[in-house]
Structures are given as C-alpha cells and as structure tokens.
Amino acid sequence: MIYLKNLINNKLYGGTISFNKIPSKGAKMKIKSLALMLLGVSAYAHFGMVVPSNSTVDDEKEANLQITYKFTHPFEGDMMNLVLPNEAGVFVNGKKEAIKGLKELKEDKFSYFTASYDVKEPGIYQFYMDPKPYFEPAEDKFIRHITKTVVDAYGYGEGWDKPAGLKAEIVPLTRPYGLYKGNLFSGVVYYKGKRAKNVTVEVEYYNTKGLKAPSDAHVTQVVNTNEQGEFSFAMPLEGWWGFAALIDDDQKIKHEGKEYPVELGAVIWVQTKEYK
C-alpha cells in the first residue's frame, strides 16, 4: 500500500491521517489531483507495528515485556495516527488472550499505544493487533493491517510455526526469533486459512539509527509469494524487520452510499541481532 510522503497529509490534513476519518468529496478530489501532479514524488509503504521489548525471554528480569503498537513508515520514521485497535491480544497455548490496559501516547502529535505483559511460564507468545480500518485517500480504499510478532519464553521452542487464527497472517517457515543479521527469513501467507499465492510482500527495516537509503527504491523491498504462498528475504541489518503481505479482502466497507474495497495486510515483525 502506497503513501505519498508528507505532501497530501500536510496540505489537506495538517499532517494527520486518522484511521476513522473519511475525507469529504472535495478533499478527495484535491487528493487525486495532487497525486496526479506528484507522480514523480517518492512513495513509501506504511506498516502496522507490534514490537515487544525483546523477541526472547531468557530469565525473570526480562519477563515483563513492553509492547509498542504503532502505525508508521518504519524506515523513514514518519508517524501516522493510530486509534485504539479493535483487538489487541496474545495467542498462547492454543488460545487467544486479550491485552488490557493499552496506554495512549503521542509522538509528533500522532497517537500510538503501549502495554505491559508479564510472561509467567515457558511458551510461544504471538502478540497481535487488529486495527480499525482506515481510509487511504490517495487510493480510495480502506486499509486494515493485522499485525503480529512472536516471542519465545524460556527456550520453549515449539509452536512458532503455527497460525494464530487471524483472518490474514504470515506463518513463519524460519524460526522468527534468535536470528542474526544476514539470516534468511521465510514465511507463508495465509488468507482465511488458505495459502495466498502471487501476493506482494513489502519489507521494511525499522530505522532507529538515522540510516539513509541509497535511493527511494531501496526504502521498501518487495517480494512475491510463489504458488504455495511462500516467500523469503535476507535481512542485512540488526534490528526489527516488518513483512506486510497485501491482499484484496472479500469484504467491502460502505460509506455514504458507496462501497469501498479493503486492502488487508498480513504483517509480521521479526528481530535480528549480532554477536556480542
């Protein structure tokens, strides 16, 4: 899903895109006109984010996980507004558990959320959020990124390759924790329980180090799933990497007498590290 960097936001909404705000017809016409005039402007993907304080828990000192929920352009660092998700939870031992007590914070006037979660026993913990669909004026569609990440507690090591029962999700083929920079990450995209073939997967690095890309084309990497819904990507840097598989949902959202298509994103975040 493409976002015309800053220009539409700054000129029409003062820098804010709300997940539940529908622009007026006049504003949409302005947006489309701007998009046509600005075809040469850089365009970047945006991602839902669910990032814990660590992808593994090895002792009790690490058992209190701090989880951050954002909507952003990870490499460029441009925030967008996130309203309280429809659902935030964790899938563990074959069951979903709601994450309660999400705290709203602000960064550059944009909202995001944090939560604490106490890991009490060994297991594979799949943290996820299902946000409210938001309207993308540049594409005249709603977008819903169902996002997750996987945490291993106390070396449990089993079940990281199991789905969490989300409408759209990436199920890892590569163990999604304990990874080094340079490792190859492979996964399978599922939509409504079935493998999704020939689907675009956008990949971005969560750039907290102020790195500069050689060109706009280097910001968002792109791969496609094969006939079995599988994809792979080698992660060249230490840190968090986001993978977003983009699917045309079979449901539409009706507003003011018109039905809009929905782009459904299956997003997973994985962490890479270096030797000490």
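Along every chain, residues carry numbers that run from 1 in the direction the sequence is written. Totals for whole chains, interfaces and linings use all residues, but because this is a predicted model, local features are given only for residues with pLDDT of at least 70 and pairs of side-chain atoms are given and counted only at 80 or more. Water and hydrogen atoms were dropped before computing side-chain values, which therefore reflect all heavy atoms in the structure.

S.K.: How should the environment of Thr 200 be read in this particular structure?
M.R.: Secondary structure counts use DSSP, requiring at least four H or I residues in a row for a helix and at least two E residues in a row for a strand, with both numbered from the N terminus. Residue position: Thr 200 is located in strand β18 (residues 200–205). On the basis of relative accessible area, Thr 200 is assigned to the partly exposed category, the value being 31%. As for Thr 200 and Ala 245, which are separated by 45 residues in sequence, their C-alpha atoms are 5.7 Å apart. Here a polar contact is recorded for every N or O atom pair within 3.5 Å, except that within protein the pair must consist of a potential hydrogen donor and a potential acceptor, and residues adjacent in sequence are included only if both atoms are side-chain atoms. Here Asn 224 takes part through its side chain, which lies 3.3 Å from a polar atom of the side chain of Thr 200. Think of it in three bands: with a 1.4 Å probe and only protein chains considered, a residue is buried below 20% of the maximum accessible area for its type, exposed above 50%, and partly exposed in between.

S.K.: What should I look at first to understand the packing of aromatic side chains in this one?
M.R.: Here the distance between the centres and the angle between the planes together describe a pair of aromatic rings. Paired rings are identified among Phe, Tyr and Trp, the last through its six-membered ring, by centres lying within 6.5 Å, and are further divided according to the angle between planes into stacked (under 30 degrees), edge-to-face (over 60) and tilted (the rest). If you walk through the whole model with that rule in mind, you get 16 aromatic pairs. For the pair Phe 142 and Tyr 260, a centre-to-centre distance of 5.9 Å together with 75° between the ring planes defines the contact as edge-to-face. Of this pair, Phe 142 sits in strand β13 (residues 141–153) while Tyr 260 sits in strand β23 (residues 258–260), placing them 118 residues apart in sequence. Considered together, Phe 142 and Tyr 260 belong to a single accessibility category, that of buried residues. Centroid distance Phe 185 to Phe 243: 4.9 Å. Interplanar angle 40°. Geometry classified as tilted. Within this pair, whereas Phe 185 is found in strand β16 (residues 184–191), its partner Phe 243 is found in strand β21 (residues 239–248), the two being separated by 58 residues in sequence. On the accessibility criterion, Phe 185 (0% relative accessible area) is buried.

S.K.: Where do I start with the layout of surface pockets in this structure?
M.R.: Rolled over the atoms, a probe as big as a water molecule pinpoints where empty space is left. Counted as a void, the largest pocket has a volume near 300 Å³. Taken together, 14 residues line the largest pocket, and the ones lying closest to its centre are Thr 56, Gly 178, Lys 273, Glu 274 and Lys 276. Every element with two or more residues in the lining of the largest pocket is listed here: β15 (179–180) and β24 (262–273). Polar here means any residue outside two lists: the nonpolar Ala, Val, Leu, Ile, Met, Phe, Trp, Tyr, Cys and Pro, and the charged Asp, Glu, Lys and Arg; Gly therefore counts as polar. Within the lining of the largest pocket, the residues separate by chemical class into three nonpolar, five polar and six charged. Quantified by volume, the second largest pocket comes out at close to 220 Å³. We place a 1 Å grid over just the protein atoms. Points where a 1.4 Å probe fits but has no way out form a cavity, open points with protein on both sides within 12 Å along at least 5 of 7 lines form a pocket, and any residue with an atom within 4 Å of a point lines it. Grid points are joined across faces, edges and corners, and a volume is the space filled by probe spheres set on the points.

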